[in-house]
Amino acid sequence: MRTEIKNAKNWEDRYRFIIQSGKNLSRPDEQTLAQMQPISGCEAKVWFKFEEKNDRTFMFNAFSEARIINGLLWLILQEINGKTAEQLQTFDLTAYFDELGIAQRLSSTRLNGLKQIEQIVRNLATCTN
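Numbers given to residues run from 1 along each chain, matching the order in which its sequence is written. Under the rules for a predicted model, residues below a pLDDT of 70 receive no local features and side-chain atom pairs below 80 are neither given nor counted, while totals for whole chains, interfaces and linings still include all residues. The side-chain values count all of the structure's non-hydrogen atoms but skip hydrogen atoms and water molecules.

- Naming follows an unreviewed UniProt entry, where the chain appears as SufE-like protein of Avibacterium gallinarum.
- UniProt positions are given in the numbering used here, feature names are shortened, and annotations may be inferred rather than shown by experiment. UniProt's Sequence similarities (unreviewed entry) comment on the chain is quoted here verbatim: "Belongs to the SufE family."

Right, dumping it as structure tokens:
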């Protein structure tokens, strides 16, 4: 996945990859959506949920009404799912998106909500110790 997006020839190809990736996130049913935390600050509605597993790793679920945000959420989930709180403490959304070659093209309103998710993820280390 990283290689695919990093090797895209231009922004349009990266954008298409992000949109296509968003299709990997299916819309949760209403009951599941109600159990997820709404994330404010984004252009579109975003929901986020995490669960600590028995092996002390975390699994995350996220969804947005916007296709581009769903694609960005999918990219984030690929990076954070299955990690421990200690590993998540150093998660840097901007550095990750820089590495993928997409940070400079994302508006601050798109990043606002995603930065809140970054903060939730980083705070898991202090909450679980």
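Having put the structure on the table, let's press on.
## Quick word on the sheet that holds strand 4 (residues 83-84)
Okay, so step 1: Pairing between two strands is assigned when DSSP locates at least 2 bridges connecting them. Counting from the N terminus, the helices are the DSSP runs of H or I reaching at least four residues and the strands are the DSSP runs of E reaching at least two. Taking strand neighbours across the sheet as the criterion, the four strands line up as 1-2-3-4 in an open arrangement whose pairing is antiparallel. Edge positions in the sheet fall to strand 1 (37-39) and strand 4, since each has one partner strand and no second.
Okay, so step 2: Inspection of the sheet shows strand 1 paired to strand 2 (residues 46-52) by three bridges, in the antiparallel sense. Looking across to strand 2, one finds that Pro38 is bridged to Trp47.
Okay, so step 3: Packed on one face of the sheet, helix 4 (residues 67-80) meets strand 2, strand 3 (57-64) and strand 4 and runs near 175° to strand 3. In what follows, a contact means two residues having at least one pair of non-hydrogen atoms within 4.5 Å. Only the contacting stretch of a helix is used when fitting its axis, a line to C-alpha atoms as for every element, and angles between N-to-C directions run 0 to 180 degrees.

## Quick look at the packing of helix 4 against helix 6 (residues 93-100)
If you want to describe how two helices pack, look at the angle between their axes and the distance between the axes.
Okay, so step 1: At a minimum axis separation of 11 Å, helix 4 and helix 6 run at an interaxial angle of 105°. Judged on the interaxial angle alone, helix 6 and helix 4 are roughly perpendicular. Contact with helix 4, carried on its side by Leu72, Leu75, Ile76 and Glu79, involves Leu93, Tyr96, Phe97 and Leu100 of helix 6 and no other residues of that element.
Okay, so step 2: In this classification, Asp, Glu, Lys and Arg are treated as charged, Ala, Val, Leu, Ile, Met, Phe, Trp, Tyr, Cys and Pro as nonpolar, and every other residue, Gly included, as polar. Its residues assigned to classes, the contact of helix 4 with helix 6 comprises seven nonpolar, no polar and one charged. If an angle is under 35 degrees, it is roughly parallel; if it is over 145, roughly antiparallel; if it lies from 65 to 115, roughly perpendicular; otherwise it is oblique.

## Some points on the packing of helix 2 (residues 11-22) against helix 4
Okay, so step 1: At a minimum axis distance of 7 Å, the contact between helix 2 and helix 4 shows a crossing angle of 85°. Here helix 2 lies roughly perpendicular to helix 4, going by the angle between them. Across from Tyr15, Phe17, Ile18, Ile19, Ser21 and Gly22 in helix 2, the residues of helix 4 making contact are Arg67, Ile68, Asn70, Gly71, Leu72, Trp74 and Leu75.
Okay, so step 2: Split into classes, the residues belonging to the contact of helix 2 with helix 4 amount to eight nonpolar, four polar and one charged.

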